[in-house]
Structures are given as C-alpha cells and as structure tokens.
Amino acid sequence: MSEYQDFLPLNGTDYIELYVGNAKQAAHFYKTAFGFQSLAYSGPETGVKDRVSYVLVQNKMRLMLTTPLHSDSPIAQHHLKHGDGVKTLALMVDDAYDAYLQTTQRGGKSYMEPQTISDENGEVKLSGIHTYGEVVHVFVERKNYNGVFMPGFRKWESNYNPTETGLLYVDHCVGNVDWNQMNPWVKFYEDVMGFKNILSFDDNDISTEYSALMSKVMSNGNGYVKFPINEPAEGKRKSQVEEYLDFYEGEGTQHIAIATNDIVKTVKELMSRGVDFLQVPSSYYDDLLDRVGPIEEDIEPLKELGILVDRDDEGYLLQLFTKPVEDRPTMFYEIIQRKGAKSFGKGNFKALFEAIEREQANRGNL
Ligand code: FE2
C-alpha cells in the first residue's frame, strides 16, 4: 500500500435528517410502512423552541424527521422551497474537531463550527460542512456518549411499535446536481473529503430512448460511505434528473439505498404495508439467467415482487426502487441486497429508466 493516509476516517452514516412538513405524521409513516422504531425526540418539551425532531432507528440506520414550529424558521424556508427532503447526511467520526479542520482547510464551507454538547450520559462532539444544494454533512463523534441519541433528545417511548422489515444500514446516498455540476462535486469529494471516484457512468451507459443522465460514484477510504453524484444529460425528452431538479427546485438527495439480508422478505413486508415500488415488465425475467448467470434465489418470487438482479466481477446484487415518497417527484428509496457485487446495478438501468419514464409520462413531465 502507498503512504496515503485517510485524513477523514469515517465509520459510516450516523443519521440522515429529513426536513418535512409534519414530522409527527412522517414518523408514523416510517414506522408503519418501513418498520422503523421510535428512538428519540426533541422539541419544546426538551428545551428546543423552534423545531420538533423525531429520531427513528432500524438496526444500524437512524432517520431524523424535523419540522419547524414557525414560518420565520430557516427550516420553514427550506420546506417551502423543496418540500420534504434530506437536509443532513451525518457521518460517524472518531474526532469531529479534526474532521472539521481537515475539511475546511481543504476548502469545505463551514456549516457548524465544532462544538461539544453534554448531558448526564456523556458528551457528543459535532461539526459540519456544506455539500451540494442545501444538503450538509454533520460529523458526529459519539464515543463518549451512552444516552439514547444525543444531548437535547429524550427517549421516545411509544405504544405503537410495528415490527421491523429487515432494513439494516445505509448502503449509499445519491445526489442529483445541476447541468455540468457533476465534476465539480466529484472534485469536492476528492479534495475536501478524500473520497475516490470508484465508478463512472456516462450517457451511453445510462440512456433510454428519452431519458439520460451521467453518474460518478464517490467512496471514502474504507467504502463505508458512498455517494454517487448524478447530473442530467441531453436526451430526446426531459431527463429524470432534470425532473427532480425542477420539482425539488434545486440540487438535493435523490435516493437513499438501504441494505437488507433478505430482499424477498423485506420487499414483501414493505409492499404489504403500502410502500409503492417501480415495476419493470415481466419480460425482464424471461432472459434474466442468461444475463446474470446462476443465482441462489428462485426466480418466481423475484418476478412476483419485481426485484431486479445484476452481476459484476465480484458477485451479484438484488435491488428494487420505491416510487417517490412525497407528492413531488423527488426523493425515493432503494432496497438492496449484495451478494458479493460492489456495483450499483448498471445492467438494470435501461429497464429501470423505462419504468421511471412511464411514471414521468403519467405526470406529464416527459
Ligand atoms: Fe442506488
């Protein structure tokens, strides 16, 4: 190995925060539909006057839902412009002060100066920088904290506790950026955060008759944190990334991919709880094994649920995408099970994008 030293060691995703119109109701949706569990709460009762936040957990994934309490809050401005969407992709670090120093001295724009917050359960150190759009990265150092989430939050006890659906952790989070902005953001992740570009897709890989996009996958040193960055490309009609940018009114997080160990079971469960998925035509399965080679799963349940399969040099993966989870055609989720493959399902792009285009056409946006 080279003498390269990772100046920003990351231990994974700490939490993802969405700004939403009604956190109380959104929390109910994520519990009911996705099987998240109640974890922590902050709001007026805990001394926070301008907002309410609910934190939900499922295995290693934490989701925070935040709503402003007044119209003059910057959170309200964010929601007015974007609708529901990701504000914070928080990353777990051993040293939040050093993470801030390393990234800001390399050109990262400060969002939160390093600070230490504490309560009777210990202390958490936080800092943060801006990334694409209005999204931010908060660095969380929690090694000296034993409480339920972090100071300022109390345990959220609920009488309503639907079972989990097998979601395990955040596999990757994809950002949609503006025309000609993919490379500048790739450079940001390289220069400011020490990430590497591990995969690239151009519009020849990712184009259907109409829709086109380009994508580069950025990964940190240990591969725990992966951020593919998409930009629209010229096609006959409007790119799906452009539709997102129009409706989100700017750059933002397009999808969050969540890992499972049993995608058939997880997807069956999610569907029965009302999560809507993109569907490919059943002809997708006719020559599936010719395309991906032998797989351990039976084809029938995959076909029944519409689960997609792709293979790379290292193995295969199974994946499926939800429809947007808001009324604006913006953020959605991916459910992914990796069986060796470290890629992102390039072989499914065509079938998938045709499915997305059918949805776009239904909205009159193609
Ligand atoms: Fe993905």
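A few points on the structure. In this text, all values refer to a predicted model and were calculated from it rather than measured experimentally. (Residues numbered from 1 in each chain as written. Predicted model: local features only at pLDDT ≥ 70, side-chain atom pairs only at ≥ 80, totals over all residues. Heavy atoms only, no water.)

## Overview of the sheet that holds strand β7 (residues 122-130)
No. 1: The 9 strands lie next to each other as β6-β7-β8-β5-β1-β4-β3-β2-β9, forming an open sheet whose pairing is mixed. Unpaired on one side and paired on the other, β6 (110-119) and β9 (154-155) mark the two borders of the sheet.
No. 2: Of the strands in this sheet, β1 (13-19), β2 (37-42), β3 (51-58) and β4 (61-68) touch helix α1 (residues 23-34), which is tilted by about 10° from β3. (Pairing = 2+ DSSP bridges. Helix = DSSP H or I, 4+ residues; strand = E, 2+ residues; numbered from the N terminus. Contact = heavy atoms within 4.5 Å. Axes fitted to C-alpha atoms, helices over the stretch in contact; angles between N-to-C directions.)

## A closer look at the coordination of the iron ion
No. 1: Looking at the iron ion, the protein donor atoms are His-172 (NE2), His-255 (NE2) and Glu-334 (OE), and they sit 2.0 to 2.2 Å from it.
No. 2: Mapped onto the polypeptide sequence, the residues donating to the iron ion form the spacing pattern H-x82-H-x78-E. Of this pair, His-255 sits in strand β14 (residues 252-260) while Glu-334 sits in strand β17 (residues 332-339); the two residues are 79 residues apart in sequence, bridging distant segments of the chain.
No. 3: According to the relative accessible area criterion, Glu-334 is buried, its value standing at 2%. (Donors = N, O, S within 2.8 Å, 3.2 Å for Na, K, Ca; no water. Buried < 20%, exposed > 50% of the residue type's maximum accessible area, 1.4 Å probe, protein only.)

## Description of the environment of Val-55
No. 1: Within the secondary structure, Val-55 is located in strand β3.
No. 2: Classification of Val-55 as buried rests on a relative accessible area of 0%.
No. 3: Look past the residues within four positions of Val-55 in its chain and what remains in contact with it is Gln-37, Ser-38, Leu-39, Ala-40, Arg-62, Leu-63, Met-64, Phe-149, Phe-153 and Trp-156.

## Remarks on helix α3 (residues 96-104)
No. 1: Here α3 has its buried residues at Ala-96, Ala-99, Tyr-100, Gln-102 and Thr-103.
No. 2: Tucked inside the fold, the buried residues of α3 contact β6, β7 and β8 (136-141).
No. 3: A side-chain oxygen of the first residue of α3 lies 3.1 Å from the backbone nitrogen of Tyr-97; this N-cap is Asp-95. (Polar contact = N/O pair within 3.5 Å; in protein donor to acceptor, adjacent residues only side chain to side chain.)

## Some remarks on helix α4 (residues 182-191)
No. 1: Restricting attention to buried positions, one finds in α4 the residues Met-182, Trp-185, Val-186, Phe-188 and Tyr-189. The buried residues of α4 occupy one face: seen down the axis, they fall within an arc of 155°.
No. 2: Buried residues in α4 make contact with β7, β8, β12 (213-219) and β13 (226-232). (Arc of directions from axis to C-beta.)

## Description of the sheet that holds strand β10 (residues 167-176)
No. 1: Judged by pairing direction, the sheet is mixed, and its 8 strands sit side by side in the order β11-β12-β13-β10-β14-β17-β16-β15 without closing on themselves. Looking at the sheet topology across the chains shown, the edges are occupied by β11 (196-201) and β15 (308-312). Neighbour-to-neighbour, the strand axes of the sheet open up by a mean angle of 25°, direction not taken into account.
No. 2: By the bridge criterion, 5 bridges tie strand β16 (residues 315-321) to β17 in an arrangement that is antiparallel. Following the sheet pairing, Phe-321 is matched in β17 by Glu-334.

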